[in-house]
Each structure stands twice: as C-alpha cells, then as structure tokens.
Amino acid sequence: ILRAAVATPNEKELHIVTNSRRVVQRLTIKRKQHEDVGWSDIPEAADIFRQAVAALRRRAARTTLTYVSRRRSGWPEAARTTSTAREVARAYAHVPARPEPESMNERIIAFDAPGACLRAMTQRQAHRIIRKLKSDRVPDRRATSVEIARARAALAKINERPPTAAHIWTATKCKDVSRNVRNFQWKGLHGAHKVGEYFESMPSPWKELANCPRCDCTESMQHILFECTDPARETIWKLAEETLEKKIDSCPEIELGTVWGCGVAVFEDEEKEAAAGKARAFRIIVSESAFLIWKIRCERRIQHEDDVNWTLSHEETTNRWRAVINMRISTDRLLTNKSCHKRGALGTHTVLHTWRGLLENEESLPQDWIRRPGCLVGIGTRRVWHPG
C-alpha cells in the first residue's frame, strides 16, 4: 500500500483492494486510535504504518481501500494476486531487503504525525512507550544475539525458514508452556544461566564450579542438555524423541536452539487442528524435557554437592519424566473447565489434538475422557502385575 501510494501520481485516483481486514481497519477506522498512542500498540509494524498513513494523507485525488474476504466469490484477481505475492515473498525470503530510497521519506515526512497524544494517554500506554524508548537506546547483549541466532538456525530446519527474533520472544510468553519453563527459556535466550563462563573469572572455591565434575570440562548449557555423560540426560531425550515420533512422522533433530525457540515450531497436516496439536505437543515435550534435565543437574550439583557417584536410575528417571508429562495432561484437563476459567479456558479440541496418539491404552478410553472423573489418562500409567 505504501509503494502504491508513493508511486501513483497525486492527480490520479487510486483504488486498493486487499484481503487483509486488519490492515484496512488500522488505516481507516482505527487510525486515530493508533496515532493517539504513537502506534506503540503495534511496535513491530509502527514505522511502516506511519509512513503508509502519511503517504495516503498527502494524496489529492480520490483514494479507496476495499477489503475482500478470501472466501468471497467474484474476485478472481484478488486470489491470483495473493498467490503470486506469496510465491514471490517465499522465493525472496532469504534475500536482504533493499533500503528504502531517501526521496520516499522526504516526500511524505511533511504529512507524518509522530509522537503520541497526551490527552488520550493511559498510564499503561505511557509505561509501554517509555519502555520502548529505553529499550531502543540499549544495545543488544552479545550473549543474547548469539542465542537468538542459534534459535533461528535451529528453527529454520523445522519451519524451512528462520523465524524473526520478535516471534521467538513472543513464543517465550506462550501459556502452553508452564511459567517455570518460560523463565528457563527466557534466561536461556539471554545466556543468563549461571554456568560455565560465569564462574571462570571468580576466585576459588567458586571458580571450580565452572567445570562439570562428571566430564571434567567447561559446563555450558549445550553441555548440560546435550553432551553430559549423565545417563539421566540420555534417558530423558530418548523418551522425548520416542514420544514425538508417535505424534510426528519423523522427529526433527533437537538442538539447544530448538529448546529456546520450540514455541515457534510449525508442523504440517491435512487438518489445521491436527497441525496445531503437533506443534503444541512438540513445544510442551521438548521444553519440559529440557527443564527436567536442568533440574536433575541442579539437584546433583547443589543438593548432593557434586557427588559424581550420585545419579538417577533408568527407572527413576523414566518415572520422573512420565510424572511431568502426566501432570501437564492433568493440567490441560482442568483448564478446559469454562465455569472456572471463563474465557481463559482451553478448548476441548485443542487438548484432544495435542495428546491424541500419545496416551497409553487410548483405544479403551471414553470419548469424553477429559471431563470424566476418575478416568486414568496419561503416559506410562499401565500397572504391571508381579506374581507374589
């Protein structure tokens, strides 16, 4: 829309047809609402919307914006244009964007309306704007940039294209993941876990905490989650991969970046709800498995004071992992109660598609197992009978 408004002469009429209802609303009926807060409510696209509004405002001829639904018949041109634009965008997804010409900004800057309206400001909006201004002045941390790049590279193997940093940060707030795990991922993306290099510059005895007592090497998050010789770590990832193979045809390779950005992973399926269920199961199982490995490591180093002989047996590790996943299943069942959680309740179909194909003895479960009290549902819930 911005390019069309700038390229079309002012004396010529301009009629724009789009299938994006949100864009039309932001440029028309919601424009004043966005301008009053300085477009701070959509920070990821504030600059482009401000320029588009200024470019449309400077036009003298008649200009129209028309929204066309994707399902609306009689507009074959809109469908063809949308598919063509999508193909071109995917083809040039990895090509660096060309900078906007300076002349474009000079022509529309006189019609721009920067800043926010104090009269329409609320305390929450003012706080958001102040935080945004402060964050823009703070340079990116080196460790954060490294972890974000690691997450983008790992997710590019799953999604076939790397997600943006904004999408990764947004995924750390996803409520499908428990609060403790979200904090774990947020610190991981910042490289803020107190391991390895954090202790290397300290005097003794804290300096010795930089090395892994089992492997006698620098202890990083990469080492803790994927390289340590602790048998519990291997057992947990084996259980997670076996479970994901039941849900997803082929379990993707899980790396450190996958743990930090698993909330952005997308999987394909013929049904949209089934694809969303695969993605939700993936982010829950990967994040909970990594967090369990971290908790076992902290238990060994803090509670058992770096006792190299202390380790969990295969059976105990398996039981702990199953208990974590079964607790998530139980939590999902409780969160579907609309009388308690109102609008925040989980959809029944969301829970069913998340755990479908993973539950033990699933064929004998009733269709309404979510709301059936006393119904034993989970992974590894089968009781083994021993004679005597």
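The residue numbering used here restarts from 1 in each chain and proceeds along that chain's sequence as written. At least 70 in pLDDT is required for a residue's local features to be given in this predicted model, at least 80 for side-chain atom pairs to be given and counted, and no such filter applies to totals for whole chains, interfaces and linings, which use all residues. Each side-chain value is worked out from all heavy atoms of the structure, with water and hydrogens disregarded.

- Named according to an unreviewed UniProt entry, the chain is Reverse transcriptase zinc-binding domain-containing protein originating from Exidia glandulosa HHB12029.

1. A look at the nonpolar core
Okay, step 1: To form a nonpolar core, buried Ala, Val, Leu, Ile, Met, Phe, Trp, Tyr and Cys residues must be joined to one another through side-chain atoms within 4.5 Å. We call a residue buried when its accessible area falls under 20% of the maximum for its residue type, exposed when it is over 50%, and partly exposed in between, using a 1.4 Å probe and counting protein chains only. Core analysis: the largest hydrophobic core is formed by 60 residues, its most contacted members being Phe184, Met221, Leu225, Val259, Phe282 and Trp321.
Okay, step 2: Whether two residues are in contact is decided by their heavy atoms: any pair within 4.5 Å suffices. Each residue touching Leu225, except ones within four places of it in the same chain, is listed here: Phe184, Arg233, Trp237, Leu256, Ala290, Ile293 and Trp294.
Okay, step 3: Judged by nonpolar contacts, the second largest core, of 17 residues, contains Leu2, Ile16, Trp39 and Ala45.

2. Remarks on the confidence of the model for the chain
Detailed reading of the predicted coordinates is not advisable wherever pLDDT is low.
Okay, step 1: Confidence scores here are pLDDT values: one per residue, from the predictor, ranging 0 to 100. With 91% of its residues at a pLDDT of at least 70, the chain reaches an overall mean of 85.
Okay, step 2: Confidence, expressed as mean pLDDT per element, reaches its minimum in the chain at helix 6 (residues 102–108) with 58 and its maximum at helix 10 (residues 179–189) with 94.
Okay, step 3: Confidence drops under a pLDDT of 50 for residues 383–388, and excluding neighbours within four residues, the segment shows one contact in the predicted structure. Note on conventions: DSSP H or I runs of at least 4 residues are helices, E runs of at least 2 residues are strands, and numbering of each starts at the N terminus.

3. A look at the packing of aromatic side chains
Okay, step 1: Two rings belonging to Phe, Tyr or Trp (six-membered ring only in the last case) form a pair when the distance between their centres is within 6.5 Å. Interplanar angles under 30 degrees mark stacking, angles over 60 mark edge-to-face geometry, and anything in between is tilted. Summed over all chains, the structure comprises seven aromatic pairs.
Okay, step 2: Ring geometry for Trp39 and Phe49: centres 5.6 Å apart, planes at 15 degrees, overall stacked. Taken as a pair, Trp39 in the loop between helix 3 (31–36) and helix 4 (46–57) and Phe49 in helix 4 lie far apart in primary sequence, 10 residues in all. Neither residue differs from the other here; Trp39 and Phe49 are each classed as buried.

4. Re the domain arrangement of the chain
Okay, step 1: Note that the domain bounds reflect an automated or database-derived domain assignment. Annotation of the chain at the domain level lists domain 1 (1–134) and domain 2 (142–267 + 274–320).
Okay, step 2: Domain 1 and domain 2 are separated by 39 Å when their C-alpha centres are compared.

5. Here's the deal with helix 18 (residues 348–355)
Okay, step 1: When helix 18 is considered as a whole, its buried residues turn out to be Val351, Leu352, His353, Thr354 and Trp355.
Okay, step 2: In the core, the buried residues of helix 18 are packed alongside helix 13 (231–247), helix 15 (272–303) and helix 16 (314–335).
Okay, step 3: Backbone geometry just after helix 18 places Gly357 at a positive phi near 90 degrees.

6. Thoughts on the packing of helix 15 against helix 16
Okay, step 1: At a closest axis distance of 10 Å, the pairing of helix 15 and helix 16 adopts a crossing angle of 135 degrees. As far as their axial angle goes, helix 16 and helix 15 are oblique. Regarding helix 15 and helix 16, the two cross each other, and that crossing is right-handed. Between helix 15 and helix 16, the contacting residues are Arg280, Ile284, Ile285, Glu288, Ser289, Leu292, Ile296 and Glu299 on the first element and Arg320, Trp321, Val324, Ile325, Arg328 and Asp332 on the second.
Okay, step 2: Partitioning the contact of helix 15 with helix 16 into residue classes produces seven nonpolar, one polar and six charged. Convention adopted: a line fitted to C-alpha atoms gives each axis, helices being fitted over their contacting stretch, and angles between N-to-C directions are expressed from 0 to 180 degrees. Orientation labels follow simple angle bins: below 35 degrees gives roughly parallel, above 145 gives roughly antiparallel, 65 to 115 gives roughly perpendicular, and whatever is left gives oblique. Take the far helix as your reference; a near helix turned counterclockwise from it by less than a right angle gives a left-handed crossing, and one turned clockwise gives a right-handed crossing. Gly is placed with the polar residues, together with every amino acid not listed as nonpolar (Ala, Val, Leu, Ile, Met, Phe, Trp, Tyr, Cys and Pro) or charged (Asp, Glu, Lys and Arg).

7. Observations concerning the pairing of strand 1 (residues 14–18)
Okay, step 1: Here strand 1 shows a buried face lined by Leu14, Ile16 and Thr18 and an unburied face lined by His15 and Val17.
Okay, step 2: Two strands are counted as paired when DSSP detects at least two bridges linking them. For strand 1 and strand 2 (residues 63–67), the ladder comprises five bridges, and the chain directions are parallel. Bridging from a neighbouring strand, Thr18 pairs with Tyr67 of strand 2.

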